[in-house]
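Structural features, examined
The primary structure of each chain is shown beneath.
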Amino acid sequence: MALRAAVLRHIRVPVGTLTATGPKPLQWSLCSSLRFFSSHDDHLTKEEVIERVLSIVKSFPKVDPAQVTPDVHFQKDLGLDSLDNVEIVMALEEEFKLEIPDKEADKIDSCHLAIEYIYNHPLAG
Amino acid sequence: MSGVSTAAYVARRAAQKERVRILYRRALKDTLNWAVHRHLFYQDASDLREKFDANKHVEDIDTIDRMIAEGEATHNKWRHPDPYIVPWAPGGSKFTRNPTPPAGIEIVYDYGREDND
């Protein structure tokens, strides 16, 4: 203890360690959230589709957000039932301004499939 | 023989499940059409879900068929006359409304005639 006190008495730790790293570069994160709601001209990038699909699934009330990954199966992995699946697909339709035919929407049962469908849809916005 | 009947049973159950999913989907969309505000829709959607969940554990296959038919009849009766349709979809406000072609592209209306006749 005496040694520790003796060492600490002669050591000065500089305060300005935080300024050494400098201020964080400004993250221009607005780009990902800035969308033109009237336009169907811009094609979505895969990353944007994945990010928005995941945020939809995560915000579903019965889903634990920590479990959601891009290739999660709604009913097998997240413990949802078929009607929850219908609700998620409807939420995805509203998010991407899509009108999915009933038979096709019925087939979408996992994040992977939803991402593929929306990414390949020409009018997803 | 029992294998065949089991397969038929499974197929019929799968068809019923699909009918229920599609009925729920249409009913949910129609609920959104009828609700004039989002906060009203949430309550209506929750009520609709309760109606479906109430008969979740019905096992008798003929009873299920009858219930689905009743549900579809009710849905048809209360269907919204002017539902929301995504603009580009058939029936939507932008359907077949194409933008004017860019300048420099010209349409020649020669009705199939060739230049050399």
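Residues numbered from 1 in each chain as written. Chains lettered and ligands numbered in written order. Predicted model: local features only at pLDDT ≥ 70, side-chain atom pairs only at ≥ 80, totals over all residues. Heavy atoms only, no water.

1. Describing the interface of chain B and chain A
The partner chain A presents 25 residues to the 21 residues of chain B that form the contact. Note on chain B versus chain A: buried area summed over both sides is about 2000 Å², and carbon and sulfur give 54% of it. On the chain B side of the interface with chain A, the three residues burying the most area are B:R25, B:R49 and B:W88, jointly 38% of the side's total. Across the chain B-chain A interface, the total number found is 11 salt bridges. At the boundary of chain B with chain A, the tally comes to 14 residue pairs in polar contact (both at pLDDT 80 or more). At the level of elements, helix 1 (2-34) and helix 2 (38-54) of chain B are the ones that each hand at least two residues to the side of chain B that touches chain A. The greatest single-element share of the side of chain B that touches chain A, amounting to 10 residues, is contributed by helix 1 of chain B. For the side of chain B that touches chain A, the class distribution of residues is 11 nonpolar, no polar and 10 charged. (Contact = heavy atoms within 4.5 Å. Buried area = accessible area lost by both parts, 1.4 Å probe. Salt bridge = Lys/Arg side-chain N within 4 Å of Asp/Glu carboxyl O. Polar contact = N/O pair within 3.5 Å; in protein donor to acceptor, adjacent residues only side chain to side chain. Helix = DSSP H or I, 4+ residues; strand = E, 2+ residues; numbered from the N terminus. Nonpolar A, V, L, I, M, F, W, Y, C, P; charged D, E, K, R; others polar.)

2. Here's the deal with the UniProt feature "domain: Complex 1 LYR protein" (unreviewed entry) in chain B
UniProt's entry tags residues 19-72 of chain B with the feature "domain: Complex 1 LYR protein" (unreviewed entry), counted in the numbering of this structure. For residues 19-72 of chain B, the helix share is 83%, the strand share is 0%, and the end-to-end C-alpha distance is 9 Å. (UniProt positions renumbered as here; feature names shortened; annotations may be inferred.)

3. So, the confidence of the model for chain A
Residues shown with low pLDDT carry predicted positions that ought not to be read at fine detail. The pLDDT averaged across chain A works out to 81; a share of 73% of its residues lies at or above 70. Note on residues 16-31 of chain A: pLDDT is under 50 here. Beyond four places in sequence and across chains, it has zero contacts. (pLDDT = per-residue confidence, 0-100.)

4. Focus on the nonpolar core
Formed by 29 residues in total, the largest nonpolar core has its most connected members in A:V53, A:V57, A:L78, A:L92 and A:I118. The set of elements that each furnish at least two residues to this core consists of helix 4 (46-58), helix 6 (82-95) and helix 8 (111-120) of chain A. Looking at which element gives the most residues to this core, the answer is helix 4 of chain A, with five residues. Leave out the neighbours within four places in its chain, and A:L78 touches A:V57, A:V63, A:Q67, A:V68, A:V72 and A:H73. Grouped together as the second largest cluster of nonpolar side chains are 12 residues, A:M90, B:Y24, B:A27 and B:L48 included. (Core = buried A, V, L, I, M, F, W, Y, C linked by side-chain atoms within 4.5 Å. Buried < 20%, exposed > 50% of the residue type's maximum accessible area, 1.4 Å probe, protein only.)

5. Here we look at the packing of aromatic side chains
Residue and element names in this part refer to chain B. Tallying each qualifying case throughout the model produces two aromatic pairs over all chains. Arranged with centres 4.9 Å apart and planes meeting at 70°, the rings of Y24 and F52 form a pair that is edge-to-face. One end of the pair, Y24, is in helix 1; the other, F52, is in helix 2, and 28 residues separate them in sequence. The exposure classification of Y24 matches that of F52, with both residues buried. (Phe/Tyr/Trp six-rings, centres within 6.5 Å; stacked < 30°, edge-to-face > 60°.)

6. So, the pattern of salt bridges
As enumerated under the stated definition, the model contains 21 salt bridges over all chains in all. The closest approach of N and O atoms between B:R21 and A:D106, which form a salt bridge, is 2.5 Å. Of this pair, B:R21 sits in helix 1 while A:D106 is found in helix 7 (residues 102-107), placing the two residues in two different chains. For B:R21, a relative accessible area of 21% corresponds to the partly exposed category. Here the residues in one salt-bridge network are A:K62, A:D81, A:D84, A:E87, B:R49, B:D53 and B:K56, joined through shared partners.

7. Examining a nonpolar patch on the surface
Side chains of B:I107, B:Y109 and B:Y111 sit close together on the surface and give an oily, nonpolar patch of about 450 Å² of accessible area. Inspection of the secondary structure puts B:Y111 in the segment after helix 3 (61-77). (Patch = residues over 30% accessible without salt bridge, like charges linked within 9 Å, V, L, I, M, F, W, Y side chains within 5 Å. Areas by Shrake-Rupley, 256 points an atom, 1.4 Å probe, with all protein chains shown as cover.)

8. What to know about helix 3 of chain B
Residues and elements named next belong to chain B. The terminal C-alpha atoms of helix 3, which comprises 17 residues, lie 24 Å apart, in line with the 24 Å expected from a rise of 1.5 Å per residue. The set of residues buried in helix 3 consists of I61, T63, I64, I68 and H75. Along helix 3, the residues classed as buried sweep out an arc of 150° about the axis, all on the same side. Where the residues of helix 3 are buried, they touch helix 1. (Expected span 1.5 Å × (residues − 1). Arc of directions from axis to C-beta.)

9. Here's the deal with unusual backbone geometry
In this model, A:K97 sits at a positive phi of 55°, which is unusual for a non-glycine residue. In this structure, A:K97 sits in the loop between helix 6 and helix 7. We note that B:T96 has phi near 60°; this positive angle belongs to a residue other than glycine. For B:T96, a relative accessible area of 57% corresponds to the exposed category.

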